[in-house]
Each structure stands twice: as C-alpha cells, then as structure tokens.
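# Structure assessment
Each chain is listed here by its residues.
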Amino acid sequence: MPGASEGSYLTLQASAAYHRAMTTLATPSDLRPLFDAQHRASRAQIDVPLALRRDRLLRIRLLLDQHGAALAAAVQADFGVRSPQLTEIADLFVLRTLLSHTLKSLPGWMKAQKVRTPLYLQPSSAYLQRQPLGVVGVIAPWNYPLQLSLAPAITALAAGNRVMLKPSELTPRTSALLAELIAQSFAADEFCVVQGDGALAASFTRLPFDHLVFTGSTATGRKVAEAAAANLTPTTLELGGKSPCIVDASCDLGSAALKIAHGKLLNAGQTCIAPDYVLVPQGSEVAFGEAFSLAVARLFPTIAGNPDYAAIISPQHHERLLALLAQAEEGGARLQVLNPGGSSAADTARQMAPVLVFGAKPGLKLMEEEIFGPILPVLPYASIDEAIAYINARPRPLALYWFGTDSVARDAVLARTVSGGVTVNDTLMHIAHENLPFGGVGDSGWGAYHGEAGFLRFTQQKPVLVSSKWARGDLFYPPYGKRFDQIMGLLKRWL
Ligand code: NDP
C-alpha cells in the first residue's frame, strides 16, 4: 500500500466521523424518512438548473480528487489483496472520465429537442422537454464498488434527480468511507448512502422510487424487478451471465491469449463482462492453453503474494469457485492450473491461481452458472455455425468477444448473435467508450447507461405540443359532414 494513500486512509479511519459511518447500519425503518425527504425535495424543485447539476458533479469530482487514494486503500482493505492501481484504472479513472464527459455534454443534453410536426397539425410546433424523474435508487455490488456505486449516481444527478445509494455489505470499509464522504458533501435529501445487508437491500427495493438501478446477479435482479413492479417503479438491471469469447482460426493466438487473459484475470475474474468461457477451433485447444499460460506468466509472474493479482472477495465465494472445479474434475474434465511462480501457497489470502478447464461436459455448474472468478473453460468448435448455435442456445450474454482477421466470420458472428455489447479483437474495452451505451439484454439485464443514453435513462422526455392560433383542429370537430369527408379524403391521399 503506498504511503500516501495509507496515511490518508488511516487518518480517516481514526476520525470519529468514519467510526460513526462504519457502525451506522441503516434499518428498514430508517429508509422511508430518507426517501420521503428526497421525494418532497424532488417535487419542490422539478426544474433543476444547469448550475446546480454542475455543482453536484463538481462536488463528486472534488471528493475523488481529495480522497481517491483513501478510497482505493479502503477497497484494498476490503478485498485483502487488490492493487490501488486497479482501483485507479477501473474505478476512479472511469468515474473521472464520466464526470468530465458529462460536465462537457450536460448543457446540450438538457436542451429541449425540437421535433418535426406533421402537416395536419401545422403550423403548431412540438418538442421534447427533458426533465428529472425525481428520486433514483441505486444498488451496487462489491466487485468495482466505487465505479458501480458512483457512475449511476453521477448520471442520475446530472439528469437532475435525487439519489439514494445502497452499496454492498461485502465492502464495508469502502461503503462506510463513501457514506461519510457523501454526507460531508451533500444534503441527505440530495444524495445519501445507506449501509446494510441483503435484507436492507430488499427493503430498499420496496421504496416507490421514480427509477431503480440495480447492478448484481441475475438471481437477485429477478427479486428486484418483482419488488419494483409492485410500485410500478421502472428499473435498469445491470446483471451478469456467461459472456462468450470466440477465437477464430484467423487470429494471432499469442496476442488474443494475452488480451483474453487480461480481461479474464482483471480483478481475478470478478468482472461482470469478463469472458466466461472461450470457444476455440477444434484441434487448437492445446495451443490455446500454451499461449494462455505464457500470457498469464507475463501478466502475473507470481500469484501468491502478488499485489497486482486480486483476492477473491470472501471465503464463501472462494469455496464456491473451488466447488465448481471439484465438480468439473469429478465429471471428467482436465484442469490446467496456472501458477507461474510455482508457489505452493497460491491460495494465500484467497489469491486463487488461474485455471483452464478442458473437456467440461454440459450440465456441470461451471457450464451453467456465471463463473465470476479466474476459471476459464476451453470449448472446441468444429465450425462457426456450431459456435453461434452454442451461444444462441443459452441466455443472452452481457458481452461477447471475437478475435480474428476474417471479416466474413466476424460479420456472421455479429449478425447472428445478440448480446449486451461486443468488443472485437480485445476484451472489456467497449465499456470504456463514452458514446456506447452499456447494458445487458434478456437475462443479462435491461436498460443501458453511460453517456447520453444514461442521461436519458434517468430523464422524462416530456412531449409538448404548442398549438398555433392558425392551427385548424376545428376542421375535425363534429358535426361530421361533407367538409370532414373531403378533408379525410385529402389526408388519406397524402399519407
Ligand atoms: P448480488 O446480486 O449478490 O448483490 C448485488 C447487490 O444486491 C448487493 O448490494 C447486495 O447487497 C444486494 N442485494 C442482496 N439481496 C438483495 C435483494 N433481495 N434485493 C435487492 N438487492 C439485494 O451480486 P454480487 O454483489 O455478488 O455481484 C456479482 C454479480 O453482479 C455478478 O453476477 C456480476 O456479473 C454482476 N455484475 C453486473 C455488472 C453489470 O454492469 N452488468 C457489473 C458488476 C457486476 P449485499 O451485498 O449487501 O448483500
């Protein structure tokens, strides 16, 4: 842990306010008064001016500038092992980029959008007025606890909303520090953080939000959708699933393996858009295994004790992953454990060595559930049609990756599969593009955010028709007669 971040984190940790935040877990009965205050405030000020929206975003930017290192240290402490550099690139950099893009674009996004008016309504005019929805709830998971808490919050605040955030209980230090820092920078009726466990999260989903954003597993997402439906609360569900990676025969295997290893092992596979399994041309499994093994050694010369290689978040998640491997081995699969440093203590601090799995049969949990860890099944395919059919026989994935130079094969995969997003010849990177909406489809979720798509997700685009004094709506009034028939006849011909 670098001295500076350790120092500031320890200073914050010693403060009375931080201690209070660490021990202040909300109860279900705390939620409603907080919600009511936000709801009242949102109805009292519907027209949220640009200056106030900018000010809210700038407060978050200042918070990240002043406390980014302390937040990264808190994430590291929650994981056991997770480098501040990973938090810098995957959480803080993403948030700074989002803030900068949003601050620049906000004046344009807030403008009313004029729309063309059809002949029969002219000379009236029409536009879409962009207004805040009101109160937006955000539920975040633990894997990128800063990015996945603050990115939806920033976007919702930019759209003029109030925000209540419930981060994960699995990152208690990060959640407490966030709660403390947000409370210092925002009034509770603008933006507040409530801490607690899954039961509190369930109560949170029963609040009648104007919109609820949930990032987490598909199983919990179903419960969230059900609870929100009772209030007719619209949701954005950012879920997970099994994201496939296709290695085409035309690809440079060494380069593809390095990029796949990076995408798979970032945060030790605990990334929603990590490639879950890889499809390789039949006969190239061994070559892929060798290339992947070299790539792992290059990225992580050692596993145990390597500060760049994240730990699995909790003993329960670690045991879940070990159980997936045990079941696969019992089912006849071959495991290739990649432990470049050769340390026998590879599982120290839950730093789990990467494992390639060959010959995994359908029906294994490994082949049915999202893996969310450093395990990569390698599946051979005889033809691109077979690879596409395999993907299409399963729930629609959050991400899909394709590696190669054969544009005909690439276009076939793109045209004949549906996924939340795609990166060609790399992994993960589509999430970093500010102008690409990010979200899932089917079982991997619904609704997308990032960029203007996110702003619009949290905005009511209110259609407004301004009738002109020259407009002749009265031509369609009863009593219906000859004049009416003539006009309808003209309009029918015109349409
Ligand atoms: P979970 O679904 O277990 O938890 C996600 C959040 O939901 C946590 O804050 C959790 O609180 C809360 N929660 C728990 N029970 C309920 C409930 N009944 N109602 C409402 N909320 C509840 O997911 P994980 O935290 O394990 O995160 C991993 C999953 O998230 C993976 O499936 C991954 O793919 C997905 N994910 C998706 C992303 C995307 O953008 N599409 C990004 C990152 C992850 P608590 O932790 O306090 O129990």
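The present account deals with the structure reproduced in this document. Here the structure is a predicted model, which means the values were calculated and not measured.

### Some thoughts on the nonpolar core
- Counting residues in hydrophobic clusters, the biggest one holds 112 residues, and the most contacted among them are Phe191, Ile260, Phe288 and Leu366.
- In contact with phenylalanine 288, not counting residues within four places along its chain, are Val247, Leu253, Ala257, Ile260, Val278, Val280, Leu356, Leu376 and Val378.
- Counting 19 residues, the second largest nonpolar core, distinct from the first, contains Leu207, Phe209, Val224 and Ala225.

### Here we look at the side chain of threonine 423
- By the secondary structure assignment, threonine 423 is in strand E14 (residues 421-424).
- Among the polar contacts made by the side chain of threonine 423, one reaches the side chain of histidine 430 at a distance of 2.7 Å.
- In contact with threonine 423, not counting residues within four places along its chain, are Leu400, Tyr401, Trp402, Leu428, Met429 and His430.

### Observations concerning the side chain of lysine 264
- You can see lysine 264 is positioned in helix H10 (residues 253-265).
- No salt bridge is formed by the buried lysine 264; the nearest opposite charge belongs to aspartate 276, separated by 5.0 Å.
- Among the polar contacts made by the side chain of lysine 264, one reaches the main-chain carbonyl oxygen of isoleucine 375 at a distance of 2.8 Å.
- Look past the residues within four positions of lysine 264 in its chain and what remains in contact with it is Gly269, Ala274, Pro275, Asp276, Ile371, Gly373, Pro374, Ile375 and Leu376.

### Quick look at the sheet that holds strand E7 (residues 235-238)
- Read across the open sheet, the 6 strands follow the order E5-E4-E3-E6-E7-E16; overall the sheet is mixed. Lying at the two open borders of the sheet, with one neighbouring strand each, are strand E5 (191-193) and strand E16 (445-446).
- The sheet contact formed by strand E3 (residues 135-139) and strand E4 (residues 162-166) spans 5 bridges and is parallel. Bridging from a neighbouring strand, isoleucine 139 pairs with lysine 166 of E4.
- Helix-sheet contacts for helix H7 (residues 172-185) involve E4 and E5, and the interaxial angle to E5 is about 150°.

### Some thoughts on the sheet that holds E14
- Pairing is mixed in the open sheet, where 7 strands are placed in the order E10-E11-E12-E9-E8-E13-E14. Sheet topology places strand E10 (334-337) and E14 at the edges, where each strand pairs with a single neighbour. Going across the sheet, the axis of each strand differs from the next one's by a mean of 20°, ignoring polarity.
- When strand E13 (residues 399-403) meets E14, the two strands line up parallel, connected through 4 bridges. Its bridge partner being in E14, tryptophan 402 is matched across the sheet by valine 424.
- Of the strands in this sheet, strand E8 (243-247), strand E9 (275-281), strand E12 (375-381) and E13 touch H10, which is tilted by about 165° from E9.

### Examining the pairing of E8
- Among the 5 residues in E8, 5 count as buried, and that is most of the element.
- Of the two faces of E8, the one lined by Ser243, Cys245 and Val247 and the one lined by Pro244 and Ile246 are each fully buried.
- As defined by bridge partners, E8 adjoins E9 across 4 bridges and the pair is classed as parallel. Within the sheet, the bridge partner assigned to serine 243 lies in E9 and is proline 275.
- On the question of chirality, the crossover connecting E8 to the parallel E9 by way of H10 is right-handed.
- Where E8 meets E13, 3 bridges bridge the pair, whose relative direction is parallel.

### Considerations on the packing of helix H5 (residues 84-110) against helix H6 (residues 147-158)
- In the contact formed by H5 and H6, the axes pass within 10 Å of each other and the chain directions differ by 10°. Relative to H6, the element H5 is oriented roughly parallel. Contacts from Ala90, Asp91, Val94, Leu95, Leu98, Leu99, Thr102 and Leu106 in H5 reach Gln147, Leu150, Ala151, Ile154, Thr155 and Ala158 in H6.

### Structural notes on the site of the ligand
- Neighbouring residues of the ligand: 30 residues in total, closest Ala140, Ser168, Ser217, Leu239 and Glu370.
- The separation between an oxygen atom of the ligand and a polar side-chain atom of tryptophan 142 is 3.0 Å.
- Take glycine 216: an N or O atom from its main chain is 3.3 Å from an oxygen atom of the ligand.
- Burial of the ligand by the protein amounts to 90% of the accessible area it has alone, namely 910 Å².
- Among the elements of the structure, helix H8 (198-205), strand E6 (211-215) and helix H9 (218-230) are those that each provide at least two residues to the shell around the ligand.
- Looking at the shell around the ligand, the element that brings in the most residues is H8, giving 4 residues.
- Taken together, the residues of the shell around the ligand sort by class into 14 nonpolar, 10 polar and 6 charged.

### With respect to H6
- Taking 1.5 Å of rise per residue, the 12 residues of H6 would be expected to cover 16 Å, and the 16 Å separating its terminal C-alpha atoms lies within 8% of that figure.
- Among the 12 residues that make up H6, 12 are buried, leaving the element largely enclosed by the rest of the structure.
- Inspection of H6 places Gln147, Leu148, Ser149, Leu150, Ala151, Pro152, Ala153, Ile154, Thr155, Ala156, Leu157 and Ala158 among the buried residues, and these make up the whole buried set.
- Just past H6, the residue glycine 160 takes up positive phi, approximately 90°.

### Regarding the pattern of salt bridges
- Considering all chains together, one arrives at 16 salt bridges under this definition.
- For arginine 32, the salt bridge goes to aspartate 36, with nearest N and O atoms at 3.1 Å. Here arginine 32 and its partner aspartate 36 are both found in helix H3 (residues 28-44), 4 residues apart, which amounts to about one turn of the helix.
- A relative accessible area of 41% places arginine 32 in the partly exposed class.

Here is what the cut-offs are and how they apply
Residues numbered from 1 in each chain as written. Predicted model: local features only at pLDDT ≥ 70, side-chain atom pairs only at ≥ 80, totals over all residues. Heavy atoms only, no water. Core = buried A, V, L, I, M, F, W, Y, C linked by side-chain atoms within 4.5 Å. Buried < 20%, exposed > 50% of the residue type's maximum accessible area, 1.4 Å probe, protein only. Contact = heavy atoms within 4.5 Å. Helix = DSSP H or I, 4+ residues; strand = E, 2+ residues; numbered from the N terminus. Polar contact = N/O pair within 3.5 Å; in protein donor to acceptor, adjacent residues only side chain to side chain. Lys, Arg positive; Asp, Glu negative; His and termini not counted. Salt bridge = Lys/Arg side-chain N within 4 Å of Asp/Glu carboxyl O. Pairing = 2+ DSSP bridges. Axes fitted to C-alpha atoms, helices over the stretch in contact; angles between N-to-C directions. Right-handed = clockwise from strand over helix to strand, strands pointing away. Parallel < 35°, antiparallel > 145°, perpendicular 65-115°, else oblique. Near = heavy atom within 4 Å. Areas by Shrake-Rupley, 256 points an atom, 1.4 Å probe, with all protein chains shown as cover. Nonpolar A, V, L, I, M, F, W, Y, C, P; charged D, E, K, R; others polar. Expected span 1.5 Å × (residues − 1).

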